[in-house]
Each structure stands twice: as C-alpha cells, then as structure tokens.
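So you can see what is in the structure, the chains are spelled out below.
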Amino acid sequence: MTDQSMRGLIATLGATGELHRVSRKVDPKFELGAVLALRDRGPAVLFENTGTLPVIGNLLVSRKRFADGLGIAGDQLDARCLQALTHPIKPVMVASGPAQDVVHSDNIDLARLLPVPTWFERETGPYITAGVIIAKDPETGCRNVSIARLRLEGGGRVMAGIAKNHHLYLLAEKAKARGHKLQIAVAIGNHTAVLLGSQLYLGLGDDEYDNIGGLLGEPLQLVKCRTVDLEVPAQAEIVLEGEFDPADLIEEGPVSEFHGFYVNYGAGIGGSIRCVTHRRDAIYQAILPGYASEHCLLGGVAIGATLCQALQRMIPAVKRVLITEGGMGRLHAVISMHKPKLGEGKRAVLLAMGQVNLLKLVTVVDDDIDIENPREIEWALAARFRGDEDLMVIEGVKADRCDPVHDELTVTKIGMIATTRPGDGEPLTRSELVLAPKEILDRVRNEIDQY
Ligand SMILES: Cc1cc2nc3c(=O)[nH]c(=O)nc-3n(C[C@H](O)[C@H](O)[C@H](O)COP(=O)(O)O)c2cc1C
Ligand SMILES: [Mn+2]
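The following refers to the structure shown.

1. Notes on the sheet that holds strand S3 (residues 55-57)
Next, step 1: Pairing within the open sheet is mixed, and its four strands lie in the order S1-S2-S3-S18. In this open sheet, the two edge strands, each paired with only one partner strand, are strand S1 (19-22) and strand S18 (284-286). Across the sheet, the mean angle separating the axes of adjacent strands is 25 degrees when strand polarity is ignored.
Next, step 2: The pairing of S1 with strand S2 (residues 44-47) spans four bridges and is parallel. By the bridge assignment, Val22 is partnered in S2 with Phe47.
Next, step 3: Those strands touched by helix H1 (residues 7-15) are S1, S2 and S3, and its axis lies near 95 degrees from that of S1.

See the structure below:
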C-alpha cells in the first residue's frame, strides 16, 4: 500500500529542498495568501504558526509536483491520468483512519478550529479552497467528489458558490426538488490523487473515488463519517460533516476566479457543519485561488486528460493534449498529432471545443513539438501556420460563465492549425528540418556528456 495521505508529498519536497518552513506568526487574513502569491511556482510553504493549525500551501504548483505527489516519473503523468480514466479502481472501506483521531461535535465554530485564509481585498470573508466535497445523488445514491470553495458564515455555517453545470449543484437541486437538504462531507488535506481526481470531467453518476483509485494504482481507503451517510478518505487531515440547504440562498458578492479577476455570480447555497474530525496533529491545506499555478493546474491537468481520451477515441492521430497555464488551465489547449490527414487538425479543434465548454483557443501542432514548451509552439506557428487557410474563427458560441470576455454568455472561438501539410514532405522543401546525419546525431546524443 502506498501512503494515501498528503504527508508523503510534503516529505518528498522536504528531501528535495522544495519545502519552505515559515516559523514566524502569519495572519491567515491576507498575509498568508500574500506569501503564497509571491512564492507561486516556488517551494511548498508550511506555515507553522497561524494561531490554530499549521497550514501547507503551494504544494502542486507544477506538473512535476503532480508526478511527485503520485509517486511517478515526470513523463508518466499523462499516461497515469489516462489509465485512471480507462482503469478505475473501486475504493475500499476500512474500520478506522487518522482522519477521525479527534472528533468535535458540539458548538462548531469553524473560524476558531481552522486557520481559514481570507484571500483578497474585495472578497467578503474567509474561504476554504482545498475542501473536497463528497455528496450522494438523492435519486440514485451515486457518489460525487469535487471541490467548491466554502465561505465561512460564522459558527458552523458555510456558503458554496457552485457552477450550475457542476454535478454537486445538480445534486443540491435534486435534494431541493424533494424538499430535502443534501448531506455533505468535506475532506481537507488530501493526497494528490484525491485532488486531481476531484477535477476530472466525468458523467453524472460516475464516482470520482473510482478514478482516484486509478490514479493511485490501488483502492482508495475510506472511513464512514460519524454523523452523515458518507465516506471520506481515511488519511485526510481534516473532515467536516454537515449539509447544504438548497433552499437557503446567500448572496456571495465579489469572489475571485481562476482568471485573476473578481466576479459576481449572485447567490450561493448555504449549509451547516455539525461535526469536525481531524488528525491529532492535523495540517490544514490551503490552495491559493485566483490566477495561481496550483488552482490552474489542478483543473488543467484533469481537463487535459479527459479531453485527450475523448479525442483519441475519435482521432487516433492525436498524441497529446495540454491545457496551458497561460490559458489559466481552462481556456486554451494545444493538441499534438502524428501526420494528420488533410483537415483532420480542424476536426480535432471542433471536437475539443464541443467536448470542453470552456475552451476558446485550440492550437494543433505536429508531434515533433514539445507541447509543454511555449517557445516550440510559437515556432510551429511561425513555421507551419498560414493565416488565410489555417485559422478558424467561430463567432457567437455559447460560453462558460467564467470566460473573462464573454458577451451575453457567448464568445468567439479560435482554432489554429500549425501542422505540416500532406504533400509538404518533399526533401529540401520548407518542411524538412536541418540536422546532422542521423547516425552521427544519435552517437553524439548518447555520448553528449563526454564533450
Ligand atoms: C481550488 C479549486 C477551487 C474550486 N472552486 C470551485 C467553486 O467554488 N465552485 C465551483 O463550481 N467549482 C469550483 N472548482 C471546480 C470544480 O471542482 C470542478 O469543475 C469539478 O470538476 C466539478 O465536479 P462535479 O461536476 O463532479 O461537481 C474549483 C476547483 C479548484 C481546483
Ligand atoms: Mn462528478
């Protein structure tokens, strides 16, 4: 069994010099978030003195960190994500776990128990940002696992602003139609597989815990909650148990989004937490919201995996898909293809945009391009893209509410096909790269350390 807690990654980063400890007192109100923002892409930061529990932040700020968190080599991340989609592994129940070492069930005051940061000047209160919310479909009993930020409303009260197309929102609506509340559990301080799995775009009714098992390569261990009919990762740092009341709407006011701007989405769903369990020496996990690496990558890595699987089913020439960080891990994709047929790049663009509502700029390149390197993508555009024929502009497409420039929820979508064309392949034309003879190049590559 692998370590299914968040602590394995913290230990790994400690060993590689990528963990920065802050011992001075740090205020969760604005100060903690400012440190994480200024150290975005740097070492993970462990705040040892926040007044309540220690706080870990900036854990998953690069694709390499995701691989470290999953205990795999950096170049295995895509393959592991695809495997998690094609070979899910069901979770197992265990009798007990450290997530329930300590139990609080009276007079819950979340602000007193947890160091929940207030992030940005115009946001209206402290937000739990790394809370993985577990709920069951009131109709089918199927489980759902996803993240939504929770604003503290005082005592055990919380508010969640959930997008209307997310499964968690649909479950709350189903509960409302029956005049019920929706039981929830919130796991905070999770293994990389749990966080990443919570972001996969699946079907309603698919249990993210199964794909989390696929990411782990073994069943995720769960324990029964104390006060609700739900199961949570046994190795979580902290668990909140309670319910959403979909009839209880609370105005949210300005809130940050992944694009780095404030938005005003209107009312969110109120809820209450009645029980808090945690490890004896729990560490609170905070994910810096806004246009920040961890927030963007969590979505981007997961969306890229589901999109790659969907495209490869239809077009075997598709090799890799990357949702770029500059595109906020949501809005821009790069697809690499092996010798696409005439027009096949355009078909991939259309499929990608049909599959992921958020996408509005899709670039297609040949598979000799390293799609993780923005310089190579720009090279492909300069070398292989003809603006008159290879540019697709599709106006007035339904947009996601999150898009920073939507007009009445529509947006112009753009595709760019920067691939070599069939028939371009004559020797010495502009499609053949200048290189030394292959046998010499291979020998020098093998012996490069000797030069
Ligand atoms: C750090 C972080 C915070 C997020 N906060 C929210 C949120 O407040 N509201 C929301 O609707 N989605 C939020 N998301 C996105 C959802 O978790 C994500 O789209 C998920 O796939 C939805 O899954 P579901 O459809 O199974 O509910 C957040 C994602 C991350 C990584
Ligand atoms: Mn879901």
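2. Digging into the sheet that holds strand S4 (residues 92-93)
Next, step 1: Taken together, the three strands give an open sheet; going across it, the order is S4-S12-S13, and neighbouring strands pair in mixed fashion. Pairing within the sheet leaves two strands with one partner each, and these edge strands are S4 and strand S13 (231-233).

3. A short note on helix H3 (residues 63-70)
Next, step 1: When we look at burial in H3, the residues that qualify are Arg65, Phe66, Asp68, Gly69 and Leu70.
Next, step 2: On its buried face, H3 is in contact with H1, helix H4 (77-86), helix H7 (192-197), helix H8 (208-216) and helix H9 (293-314).
Next, step 3: In the stretch just after H3, Gly71 is the one whose phi turns positive, near 70 degrees.

4. Side note on the pairing of strand S11 (residues 182-188)
Next, step 1: Buried residues dominate S11, accounting for seven of its seven residues.
Next, step 2: Burial along S11 is two-sided: the residues Leu182, Ile184, Val186 and Ile188 and Gln183, Ala185 and Ala187 are all buried.
Next, step 3: For S11 and strand S14 (residues 238-251), the ladder comprises seven bridges, and the chain directions are antiparallel. Residue pairing in the sheet places Val186 in a bridge with Leu240 of S14.

About the criteria used
Residues numbered from 1 in each chain as written. Chains lettered and ligands numbered in written order. Predicted model: local features only at pLDDT ≥ 70, side-chain atom pairs only at ≥ 80, totals over all residues. Pairing = 2+ DSSP bridges. Helix = DSSP H or I, 4+ residues; strand = E, 2+ residues; numbered from the N terminus. Axes fitted to C-alpha atoms, helices over the stretch in contact; angles between N-to-C directions. Contact = placed C-beta atoms within 7 Å. Buried ≥ 20, exposed ≤ 12 C-beta atoms within 10 Å, placed from the backbone.

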